[in-house]
Amino acid sequence: MGYEFDKENIRFRSVTRSVGGILWKVVKLLLVSLALSVFYYAIVATFFSTDAEKRLRRENKMYEKLYGSMVDKEDMVGDVVEELRLRDAEIYESVFHSKAPSVDPISSKDLDFVVDSIRESNVTLYTGRKADQLLSQASRVEDNFKRIFSLLADKNTTLPPMDPPLEGLSYSQAGASTGQKINPFYKVSSQHNGLDIVAAQGEPVYASAGGFVILVRRSDRGLGNTVEINNGNGYHTLYCHLDDIYVKFGQEIPKGTKIGTVGISGNTYAPHLHYEVMHGDDYLDPVNYMFGTLTPNAYALFTYNSSRTGQSMD
């Protein structure tokens, strides 16, 4: 029940309102309110930003700038990891005379990647085959370790020169290693057969393995004052650009003997030790024979620095 004004009779009259009519008016009011709310929100969102939105925009711009450098770093890390993998295989082959076990013996892709797209019987067959491969590889690794332990237990076994020639060696001392390097005097690429280790003049130099001194040369040219040691089992080590020399030709010395001091003799423009490791007539990368005396992190950094240095010091 309600009232409305009757313009013709100029008086109020009673009117009965239906429930449907009231509900329709309420619905219209709600729709209008909702439309106005959406309209006002669109205007505010277009012309005004909240603190959270401003912060997110700033973060997006920062991430856009960082993305390029992150991609470059990822590529660089991937190159370093691949280089370390190859070097690890080279070390394993040089020291243990056998192939290094595979880093991922199963597959380059995870089994979960394809498990939803192949039949259960094929998954079972694949898993069984890979399990057999793992058992076979585990057996080969076990055999290698048994052979290695047997060699180490044999008193007649001569180990490679695996101690660093300087005490407290750090990755920051790594200079150019073996390979084609730029000669500092002639500015041309030439073969570099050793490892440059940056050190202060007068710092003690130690024998990386025991053996017989087969060369003591004092010279102001080439590799300067040099000591060569026959370490047995085909291994030879050279220590060049020395200042003082404390050993004599034909002398038998144990590992760790102080053979001289770091100098600047010969053709070099800064004090450093030029260190070579040979097996027969082959020049080896001395870095490969230092992994047992450096922490994994220091060895990785030492390897990276020595391989990336493009100019030798002699």
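Below you will find a few notes about this structure. (Residues numbered from 1 in each chain as written. Predicted model: local features only at pLDDT ≥ 70, side-chain atom pairs only at ≥ 80, totals over all residues. Heavy atoms only, no water.)

## Some remarks on the overall build of the chain
(1) Moving on: For the chain, the count of helices and strands is 4 helices and 13 strands.
(2) Moving on: Going through the 314 residues of the chain one by one, you find that 29% of them count as buried.
(3) Moving on: Taking contacts inside the chain between residues at least 6 apart in sequence as the whole, the part at least 24 apart equals 63%.
(4) Moving on: Total accessible area computed for the chain in this model is approximately 20,600 Å², and 58% of it derives from carbon and sulfur atoms. (Helix = DSSP H or I, 4+ residues; strand = E, 2+ residues; numbered from the N terminus. Buried < 20%, exposed > 50% of the residue type's maximum accessible area, 1.4 Å probe, protein only. Contact = heavy atoms within 4.5 Å. Areas by Shrake-Rupley, 256 points an atom, 1.4 Å probe, with all protein chains shown as cover.)

## Overview of helix 4 (residues 296-308)
(1) Moving on: The terminal C-alpha atoms of helix 4 lie 18 Å apart, and with 13 residues this matches the ideal 18 Å at 1.5 Å per residue to within 8%.
(2) Moving on: Considered for burial, the residues of helix 4 that qualify are Ala-298, Tyr-299, Phe-302, Thr-303 and Ser-306. For helix 4, the buried positions fall inside an angular range of 135° around the axis, keeping them on one side. Among the exposed residues of helix 4, those pointing more than 90 degrees away from its buried face are Pro-296 and Asn-297. (Expected span 1.5 Å × (residues − 1). Arc of directions from axis to C-beta.)

## Examining the nonpolar core
(1) Moving on: The biggest cluster of nonpolar side chains holds 31 residues, and the ones touching the most others in it are Tyr-239 and Ile-259.
(2) Moving on: Within the residue set of this core, elements represented by two or more residues are strand 5 (195-198), strand 8 (225-232), strand 9 (235-245), strand 11 (258-262), strand 12 (272-279) and helix 4.
(3) Moving on: The leading source of residues in this core is strand 9, at 4 residues.
(4) Moving on: Excluding residues that lie within four positions of it along the chain, Ile-259 makes contacts with Val-205, Ala-207, Val-227, Ile-229, Tyr-239, Asp-244, Ile-245, Tyr-246, Val-247 and Ile-253. (Core = buried A, V, L, I, M, F, W, Y, C linked by side-chain atoms within 4.5 Å.)

## Some remarks on a positive patch on the surface
(1) Moving on: A surface patch of like charges, here positive, comprises Lys-54, Arg-57, Arg-58, Lys-61 and Lys-65.
(2) Moving on: Along the chain, the position of Arg-58 falls in helix 2 (residues 51-96).
(3) Moving on: The class for Arg-58 is exposed, based on a relative accessible area of 54%. (Patch = residues over 30% accessible without salt bridge, like charges linked within 9 Å, V, L, I, M, F, W, Y side chains within 5 Å. Salt bridge = Lys/Arg side-chain N within 4 Å of Asp/Glu carboxyl O. Lys, Arg positive; Asp, Glu negative; His and termini not counted. Charge placed at Lys NZ, Arg CZ, Asp CG, Glu CD.)

## A short note on the packing of aromatic side chains
For any two aromatic rings, the description comes down to two numbers: the centre-to-centre distance and the angle of the planes.
(1) Moving on: Overall, the coordinates contain 2 aromatic pairs when judged by the stated rule.
(2) Moving on: With a centroid separation of 6.2 Å and 70° between ring planes, the pair formed by Tyr-235 and Tyr-289 is classed as edge-to-face. Within this pair, whereas Tyr-235 is found in strand 9, its partner Tyr-289 is found in the loop between strand 13 (282-284) and helix 4, the two being separated by 54 residues in sequence. Of the two residues, Tyr-235 and Tyr-289, both sit in the buried class.
(3) Moving on: Ring plane angle 40° and centroid distance 5.4 Å describe the contact between Tyr-239 and Tyr-275, whose orientation is recorded as tilted. Separated by 36 residues along the polypeptide, Tyr-239 in strand 9 and Tyr-275 in strand 12 bring together distant segments of the chain.
(4) Moving on: By relative accessible area, Tyr-239 is classed as buried at 0%. (Phe/Tyr/Trp six-rings, centres within 6.5 Å; stacked < 30°, edge-to-face > 60°.)

## Here we look at a nonpolar patch on the surface
(1) Moving on: On the surface, Val-32, Leu-36, Phe-39, Tyr-40 and Ile-43 cluster together into a nonpolar patch covering about 480 Å² of accessible area.
(2) Moving on: Looking at where Tyr-40 falls in the secondary structure, it is placed in helix 1 (residues 19-47).

## Thoughts on unusual backbone geometry
The bulk of non-glycine residues show a negative phi, and the bulk of peptide bonds are trans.
(1) Moving on: Here the phi dihedral of Asn-233 falls at roughly 60°; this positive angle occurs in a residue that is not glycine.
(2) Moving on: Residue His-241 is not a glycine yet carries a positive backbone phi of 65°.
(3) Moving on: Tracing the sequence through the fold places His-241 in strand 9.
(4) Moving on: Taking the relative accessible area as the measure of exposure, His-241 reaches 0% and is therefore buried.

## Structural notes on the environment of Pro-184
(1) Moving on: Summarising the element assignment, Pro-184 is placed in the loop between strand 3 (179-182) and strand 4 (189-192).
(2) Moving on: Given a relative accessible area of 9%, Pro-184 falls into the buried group.
(3) Moving on: Sequence separation of Pro-184 and Asp-314 is 130 residues, and the distance between their C-alpha atoms is 6.6 Å.
(4) Moving on: For Pro-184, the contacting residues outside a window of four places in its chain are Tyr-269, Gln-311, Ser-312, Met-313 and Asp-314.

## Examining the pattern of salt bridges
(1) Moving on: Taken as a whole and judged by the stated rule, the model has 3 salt bridges.
(2) Moving on: Residue Glu-59 is joined to Arg-55 by a salt bridge in which the shortest nitrogen-to-oxygen separation is 3.2 Å. Residue Glu-59 and its partner Arg-55 are both found in helix 2; the two are separated by 4 residues, about one turn of the helix.
(3) Moving on: A relative accessible area of 40% places Arg-55 in the partly exposed class.
(4) Moving on: Put simply, Lys-146 and Glu-142 hold a salt bridge, and the shortest N to O gap is 3.7 Å. Separated by 4 residues within a single helix, Lys-146 and Glu-142 lie in helix 3 (residues 120-153), roughly one turn from each other.

## Examining the pairing of strand 3
(1) Moving on: Sheet topology note: the strand 3/strand 4 ladder contains 4 bridges and is antiparallel. Bridged to Lys-181 within strand 4 is Ser-190.
(2) Moving on: Between strand 3 and strand 4, which pair antiparallel in sequence order, lie 6 residues; one of them, Lys-187, sits at a positive phi of approximately 60°. (Pairing = 2+ DSSP bridges.)

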